[in-house]
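The residues making up each chain are set out below.
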Amino acid sequence: METTPKVSILIPCYNSERFIAETLDSCIEQTYNNIEIIVVDDGSTDHSLAIVRDYKSKDGRVKVISQPNAGACKARNSALEHSTGEYIMFLDADNVISTNKIEIQLIRLMEASDKMAVATCVWDRFYNDINEATFPKQMVYRDYDTGFDMLLDLWNCSEMYETACYLLSRTLALKAGKWNESLRKNQDGEYFSRVLMFATKVLFCPEAKLYYRTGEYDSVSKGNSKAKIESYLKSLMLYKKNALVHENSERVKNALAHNFSLFMYLYYNQYSDLCQKAKHELSDMNMHVLPSGTKRAKIISRLIGTENFLKLRKLILNR
């Protein structure tokens, strides 16, 4: 009798007592049953670990690993090392997945019979209730012949794609390598850039949904300390290093230029020294700073030059 492949849901958890139950419920209620849910408690100081252990006592598919606080990337790497599934999904401890997500994505991956393919889905933000999500259209909501083509579209359009949108094989996860534990910002963007560079195709599943919780609580993605912004720049430099090895072309350089230009648009007022480093990365590719930000900002940048716009905006805001 043919057995269905196991899917490992890997969840880093730090002080998520307010949300972890809803997250685990969305996993346990999946229409696809052959799953394991590995929660790595990253030294929580609240009741997160106790809540997860209670779920474990009621459902044998839930596994718990406890580690001293070392960050989400370390927790994800540990979860992957302890997992046994043929397919992998990384899910944050405050987000929610639709009950059909894994089944729909896995069906497409199995039909493709390609261990290096990746399945994606729609996602949207919510604050208190998942019914707040409306799932607005994104450019990358489609199939791609290669993962690298999707990656370039994400960069060119400055679109974010949330971690749990992806379902990938263990083969592809191991090929992409470990999460970079030195990064403090944009860890998921850097990791999945490597996944997409190796992915042979992208299979979009519009019926599957990821609900991304957002709000005023603590999050690794929040915070504009210089150390975090410097780490963000480091992730963009890793984009550049890996992408140009994969394909050294004008289209790749242009997409990379969008990343560095957006960085300068976001942080020119606060961290001019880091923006000079970003500009150096552009010059190294013989690229200029591109118009970025709002539609209005792009129009003004095209009229007076992007760097002139950044200088003028800084002057006005610092008055």
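Up top you'll find the structure we're talking about.
A quick note: this is a predicted structure, and the numbers were derived from the prediction, not measured. (Residues numbered from 1 in each chain as written. Predicted model: local features only at pLDDT ≥ 70, side-chain atom pairs only at ≥ 80, totals over all residues. Heavy atoms only, no water.)

Trainee: Break down the overall build of the protein for me, with residues and values.
Mentor: A tally of regular secondary structure across the protein gives 12 helices and 8 strands. For 319 residues, the compact-globule estimate of 2.2 N^0.38 gives 20 Å, and the protein sits close to it at 20 Å. Summarising its shape, the C-alpha atoms of the protein cover approximately 65 × 45 × 35 Å along the three principal directions. For the protein, the residues scored as buried account for 54% of the 319 residues in total. Residue pairs at least 24 apart in sequence account for 77% of intrachain contacts in the protein once pairs closer than 6 positions are excluded. Both charge centroids of the protein, one from 42 positive and one from 40 negative side chains, sit 7 Å from each other. (Helix = DSSP H or I, 4+ residues; strand = E, 2+ residues; numbered from the N terminus. Rg over C-alpha atoms; globule rule 2.2 N^0.38 Å. Buried < 20%, exposed > 50% of the residue type's maximum accessible area, 1.4 Å probe, protein only. Contact = heavy atoms within 4.5 Å. Lys, Arg positive; Asp, Glu negative; His and termini not counted. Charge placed at Lys NZ, Arg CZ, Asp CG, Glu CD.)

Trainee: Explain the packing of helix 8 (residues 226–246) against helix 9 (residues 250–267) residue by residue, including any values.
Mentor: Where helix 8 meets helix 9, the axes come as close as 10 Å, and the angle between the chain directions of the two elements is 175°. If you check the angle between helix 8 and helix 9, you find them roughly antiparallel. Contacts between helix 8 and helix 9 pair Ile229, Tyr232, Leu233, Leu236, Met237, Tyr239, Lys240, Ala243 and Leu244 from the former with Val252, Lys253, Leu256, Asn259, Phe260, Phe263 and Tyr267 from the latter. Residues that form the contact of helix 8 with helix 9 fall into these classes: 13 nonpolar, 1 polar and 2 charged. (Axes fitted to C-alpha atoms, helices over the stretch in contact; angles between N-to-C directions. Parallel < 35°, antiparallel > 145°, perpendicular 65-115°, else oblique. Nonpolar A, V, L, I, M, F, W, Y, C, P; charged D, E, K, R; others polar.)

Trainee: Go over the pairing of strand 4 (residues 87–90), please, and point to the residues and values.
Mentor: Alternating positions in strand 4 separate into two faces, Tyr87 and Met89 on one and Ile88 and Phe90 on the other, with burial throughout. Judged from the 2 bridges that link them, strand 4 and strand 7 (residues 167–169) form a sheet pairing that is antiparallel. Within strand 7, the residue paired with Ile88 across the bridge is Leu168. (Pairing = 2+ DSSP bridges.)

Trainee: I'd love a proper account of the state of the cysteines, names of residues and values included.
Mentor: Two cysteines whose sulfur atoms are joined by a covalent bond form what is called a disulfide. Under the counting rule described, the total for this entry stands at 0 disulfides. Here Cys121 stays unpaired: no disulfide links it, and the sulfur of Cys165, its closest cysteine neighbor, is 4.1 Å away. Lacking any disulfide linkage, Cys205 is separated from the closest cysteine sulfur, that of Cys121, by 7.7 Å. (Disulfide = S-S within 2.5 Å.)

Trainee: Which residues make up the side chain of Asn186, and what are the values?
Mentor: Take Asn186: it is sitting in the loop between helix 6 (170–176) and helix 7 (187–198). The exposure class assigned to Asn186 is buried, which follows from its relative accessible area of 19%. Apart from residues no more than four positions distant in its own chain, Asn186 is found in contact with Tyr232, Ser235, Leu236 and Tyr239.

Trainee: Lay out the nonpolar core in plain terms, naming residues and giving numbers.
Mentor: Membership of the largest hydrophobic core comes to 107 residues, with the highest contact counts inside it found for Ile11, Tyr161 and Phe263. Those residues in contact with Ile11 that lie beyond four places of it in its chain are Ile20, Thr23, Leu24, Cys27, Ile37, Ile38, Val39, Val40, Leu91, Asp92 and Ala93. (Core = buried A, V, L, I, M, F, W, Y, C linked by side-chain atoms within 4.5 Å.)

Trainee: So, the packing of helix 11 (residues 295–304) against helix 12 (residues 306–317): which residues are in play, and what are the values?
Mentor: Their axes nearest at 7 Å, the elements helix 11 and helix 12 cross at an angle of 115°. Note on packing geometry: the crossing formed by helix 11 with helix 12 is right-handed. On helix 12, the residues touching Ala297, Ile300, Ser301 and Ile304 of helix 11 are Thr306, Asn308, Phe309 and Leu312. The class makeup of the residues in the contact of helix 11 with helix 12 is 5 nonpolar, 3 polar and no charged. (Left-handed = near helix turned anticlockwise from the far one by under 90°.)

Trainee: So, unusual backbone geometry: which residues are in play, and what are the values?
Mentor: Residues other than glycine seldom take positive phi values, yet Ser113 does so here, at roughly 50°. Turning to its location among the elements, Ser113 is positioned in the loop between helix 4 (101–112) and strand 6 (118–126). Of note in this structure, Asn286 is not a glycine but carries a positive phi near 60°. By the element assignment, Asn286 lies in the loop between helix 10 (272–284) and helix 11.

Trainee: Run through the sheet that holds strand 2 (residues 35–42), naming residues and quoting values.
Mentor: Taken together, the 8 strands give an open sheet; going across it, the order is 3-2-1-4-7-6-8-5, and neighbouring strands pair in mixed fashion. Whereas interior strands pair on both sides, the edge strands pair on one side only; in this sheet they are strand 3 (62–67) and strand 5 (96–97). When strand 2 meets strand 3, the two strands line up parallel, connected through 6 bridges. Each bridged residue has a counterpart across the sheet, and for Ile37 the counterpart in strand 3 is Val62. Seen against the sheet, helix 1 (residues 20–28) touches strand 1 (7–13), strand 2, strand 3, strand 5 and strand 8 (202–213) and runs at an angle of roughly 180° to strand 1. Where helix 2 (residues 48–58) meets the sheet, it contacts strand 1, strand 2 and strand 3, and its direction lies at approximately 150° from that of strand 3.

Trainee: Describe helix 1, listing the residues and the values that go with them.
Mentor: Among the residues of helix 1, Ile20, Thr23, Leu24, Ser26 and Cys27 are the ones counted as buried. The arc that holds the buried residues of helix 1, viewed along the axis, is 155°, so those residues lie on one side. Looking at the buried side of helix 1, the elements it contacts are strand 1, strand 2, helix 2 and strand 5. (Arc of directions from axis to C-beta.)

Trainee: Lay out the side chain of Ser193 with the relevant residues and their values.
Mentor: Of note, Ser193 is situated in helix 7. If we ignore the near neighbours within four places in the chain, the residues touching Ser193 are Leu151, Trp155 and Tyr239.

Trainee: For the packing of aromatic side chains, give the residues involved together with the corresponding values.
Mentor: The way to describe two aromatic rings as a pair is by their centre distance and the angle between their planes. By the definition in use, this model includes 16 aromatic pairs. Centre to centre, the rings of Phe90 and Tyr191 are 5.5 Å apart; their planes meet at 80°, and the pair counts as edge-to-face. Residue Phe90 is found in strand 4, and its partner Tyr191 is found in helix 7; the two are separated by 101 residues along the sequence. Taking the relative accessible area as the measure of exposure, Tyr191 reaches 0% and is therefore buried. The class for Phe90 is buried, based on a relative accessible area of 1%. Taken together through their ring pairs, the aromatic side chains of Phe90, Tyr141, Tyr161, Tyr166, Trp179, Tyr191, Phe192 and Phe204 make up a single cluster. Across the ring face of Phe135, the terminal group of Lys209 is positioned such that the distance to the ring centre comes to 5.7 Å. We note Arg313 situated over the ring of Tyr265; from NZ or CZ to the ring centre the distance is 4.4 Å. (Phe/Tyr/Trp six-rings, centres within 6.5 Å; stacked < 30°, edge-to-face > 60°. Lys NZ or Arg CZ within 6 Å of the ring centre and 35° of its normal.)

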